[in-house]
Amino acid sequence: MLRVAVVGSGPSGCYTAQGLIQQDSSAYVDVLDRLPCPYGLVRYGVAPDHEKIKSLQNSLRTVLEHERVRFLGGIQVGGPGGLPAGRLRELYHAVVYCVGAATDRHLGIPGEALPGSWSATEFVSWYSAHPDAVDGDFLRGAKSAVVVGVGNVAVDVARMLARGAAELSPTDMPEAALAALADSQVTEIHMVGRRGPSQARFTTKELRELGTLPGTEVVVDPDELALDPAYADPSALTGAQRRNVEVLRGWASTPRQGSARQIRLRFFLRPVEVLADGGRVGAVRFERTLPDGRGGVTGTGRCEDIEAQLMLRSVGYRGVPPAGLPFDAGTGTVPHQEGRVLRDGAIVPGEYVAGWIKRGPTGVIGTNRPCAKETVTSLLADAPVLVRRQVPKDALPLLRAEGFDPIEWAGWQAIERAEAQLGASLGRSVVKLPDWGSLRAAAREAAS
Ligand code: NAP
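From a predicted model like this one, the values you see are computed outputs, not experimental measurements.

A. Region of the structure containing the overall build of the chain. Counting its secondary structure elements, the chain contains 18 helices and 18 strands. Compactness check: the chain gives a C-alpha radius of gyration of 23 Å against a globular reference of 22 Å for 448 residues, within 12% of the reference. In the chain, which comprises 448 residues, the share counted as buried stands at 54%. Partitioning the intrachain contacts of the chain with sequence separation of at least 6 by distance along the chain shows that 74% fall at a separation of at least 24. A total of about 19100 Å² of accessible surface is found on the chain, and carbon and sulfur atoms cover 52% of it. For the chain, the distance from the average site of its 50 positive side-chain charges to the average site of its 50 negative ones is 4 Å.

B. Structural detail: the pattern of salt bridges. In total, this model carries 30 salt bridges according to the counting rule given. Of the charged contacts in the structure, one is a salt bridge between Asp 30 and Arg 70, with a shortest N-O distance of 2.9 Å. Here the residue Asp 30 occupies a position in strand β2 (residues 27–32), and Arg 70 occupies one in strand β3 (residues 69–72), the gap between them amounting to 40 residues. Of the charged contacts, one joins Glu 402 and Arg 87 as a salt bridge, the two residues approaching to 2.6 Å between their closest N and O atoms.

C. The arrangement of the site of the ligand in detail. Lining the immediate surroundings of the ligand are 23 residues, of which Val 150, Arg 194, Arg 195, Arg 201 and Gly 363 lie closest. Between the ligand and Glu 206, the relevant distance is 3.1 Å, taken from a nitrogen atom to a side-chain nitrogen or oxygen of the residue. Ser 314 places a polar main-chain atom, nitrogen or oxygen, 3.4 Å from an oxygen atom of the ligand. Contact with the protein chains removes 85% of the 930 Å² of surface that the ligand exposes when unbound. The biggest single contributor to the shell around the ligand is helix α7 (residues 152–162), with 3 residues. A domain-level breakdown of the shell around the ligand finds at least three residues from each of domain 1 (2–102 + 319–406) and domain 2 (105–316).

D. How the structure looks around the packing of aromatic side chains. For the coordinates displayed, the defined rule picks out 8 aromatic pairs. Ring centres of Tyr 39 and Trp 412 lie 5.9 Å apart, and the angle between their planes is 85°; on these two criteria the pair is classed as edge-to-face. Of this pair, Tyr 39 sits in the loop between β2 and α2 (40–44) while Trp 412 sits in helix α17 (residues 409–425), and the two are 373 residues apart along the sequence. A relative accessible area of 0% places Tyr 39 in the buried class. By way of ring pairs, the aromatic residues Trp 118, Phe 123, Trp 126, Tyr 127 and Phe 138 are connected into one cluster. The ring centre of Tyr 28 lies 5.1 Å from the NZ or CZ of Arg 3, which sits over that ring. It is Arg 249 that lies over the ring of Tyr 231; its NZ or CZ is 4.4 Å from the centre.

E. Just unusual backbone geometry, in detail. Located in the positive-phi region is Tyr 39, a residue other than glycine, with phi close to 90°. Positive phi, close to 50°, is recorded for Glu 338, a residue that is not glycine. With respect to the helices and strands, Glu 338 occurs in the loop between β16 (336–337) and β17 (340–343). Overall, the relative accessible area of 44% leaves Glu 338 in the partly exposed class.

F. The arrangement of the packing of helix α6 (residues 120–127) against helix α9 (residues 175–182) in detail. Closest axis-to-axis distance for the α6/α9 pair is 8 Å, and the angle between their directions is 115°. The angle between the axes of α6 and α9 places the two elements in the roughly perpendicular class. Counting all contacts with α6, which are made through Phe 123, Trp 126 and Tyr 127, the residues of α9 involved are Ala 176, Ala 177, Ala 180 and Leu 181. Of the residues in the contact of α6 with α9, the class split is 7 nonpolar, no polar and no charged.

G. Fine view of the sheet that holds strand β18 (residues 346–353). If you trace the 7 strands from one edge of the open sheet to the other, you get β3-β2-β1-β4-β18-β17-β16, paired in mixed fashion. Of all the strands in the sheet, just β3 and β16 have a single pairing partner and so form its edges. Note that β16 and β17 share 2 bridges and pair antiparallel. Paired with Gln 337 across the bridge in β17 is Arg 340. Along the sheet, helix α1 (residues 11–23) makes contact with β1 (2–7), β2, β3 and β4 (94–97), crossing β2 at roughly 170°.

Parameters and conventions
Residues numbered from 1 in each chain as written. Predicted model: local features only at pLDDT ≥ 70, side-chain atom pairs only at ≥ 80, totals over all residues. Heavy atoms only, no water. Helix = DSSP H or I, 4+ residues; strand = E, 2+ residues; numbered from the N terminus. Rg over C-alpha atoms; globule rule 2.2 N^0.38 Å. Buried < 20%, exposed > 50% of the residue type's maximum accessible area, 1.4 Å probe, protein only. Contact = heavy atoms within 4.5 Å. Areas by Shrake-Rupley, 256 points an atom, 1.4 Å probe, with all protein chains shown as cover. Lys, Arg positive; Asp, Glu negative; His and termini not counted. Charge placed at Lys NZ, Arg CZ, Asp CG, Glu CD. Salt bridge = Lys/Arg side-chain N within 4 Å of Asp/Glu carboxyl O. Near = heavy atom within 4 Å. Polar contact = N/O pair within 3.5 Å; in protein donor to acceptor, adjacent residues only side chain to side chain. Domains from an automatic or database assignment. Phe/Tyr/Trp six-rings, centres within 6.5 Å; stacked < 30°, edge-to-face > 60°. Lys NZ or Arg CZ within 6 Å of the ring centre and 35° of its normal. Axes fitted to C-alpha atoms, helices over the stretch in contact; angles between N-to-C directions. Parallel < 35°, antiparallel > 145°, perpendicular 65-115°, else oblique. Nonpolar A, V, L, I, M, F, W, Y, C, P; charged D, E, K, R; others polar. Pairing = 2+ DSSP bridges.

Laid out in structure tokens, this is it:
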């Protein structure tokens, strides 16, 4: 029997577990997660109004409910009070780290720490009911918001800022976030890229959706688009880039409708300073950039201030070093060869990575499938050697004896029931429990 621990129950962890059980009938997999709830960014990152993507949970569920897979929530690997990585290694033939990219990148500009300046991930965590989220009173006094970055996360947060109560209340968003967004006074949302429209990272489907929001119009300045050489001559663009430019071109040529809310898509502006007003964010100063002909931009020294009381930086996630593993601070990933962890260039037997901690925070959910497959192939090739080491028949009693109290599948199902009950009591469908206390209390129901 091959006993494997997968750390992280997001898409990469679930696809890894799935590959292992499908390809090796002797494999038993424990999927550990520091949270009481499974599914990682599918639960805590995919925007609440993207029900179709969220429904991916149903296919991840079938993996975690497989008879040779066990979900063990509420177990932190490493850190104070956590399960030491070395001990985890003793308990299983192999450990696969699928821990994602747990933090975000900073801009490194003056004023970035002012009240009213947040990372997009903090905002996403709040409306997604992540139990570690802070209620930052994000929308306090805000009429105008600046979102720095033009990737899919930027599109998500811009869209959530533009959605009204009628569109948000059918989602599973927590009550406090729903009430705050429903009361929002934000009418101007500026989404700003430092390079040109052809280099934006958002996907066309997500971009187009911005044009479908009730009561909101998308505003694009044709002169700004024209700064991009690809605007006049799109022949060198990839299909995806061309489609993005076409959508933007359509908006740029549409007469203004005077809608209640505007999403303004801006390009060739790089943030240089967050300006204070009364001790909080009052505006963001950008320097106009121009294409340098090599895919990058150069500054012009000319600046433009965009008034805003809320700034969300949406400039990418970043991996944090997993306890006990080597880490490349430059890329925010664990060095690896086809998923096998490399320590000083040499393979570490029995330790593997998959997902964002392996390849960096890029790609859509489906990108994790081939990524996990590569790691599973490496692990199963190593399995004949790995299984020579004696490991406990079942790690769970040992974990319990060592003071860990994992939330098993029945505990998670009790959380799901509690969220359905909460929704019903509020006249909504499912409503997520937003804090550790209520999640743990709901999970305990299953044990009692
Ligand atoms: P991303 O796609 O890497 O986009 C980051 C954006 O931030 C880029 O526009 C980048 O511009 C900009 N940026 C980086 N550093 C900057 C700086 N110092 N100043 C100004 N701008 C800066 O990251 P993401 O949006 O966080 O998305 C992460 C991954 O999740 C992506 O693969 C994304 O597709 C995926 N995702 C998918 C969905 C979906 O499918 N619906 C939803 C959310 C996220 P440059 O290009 O100039 O560096």
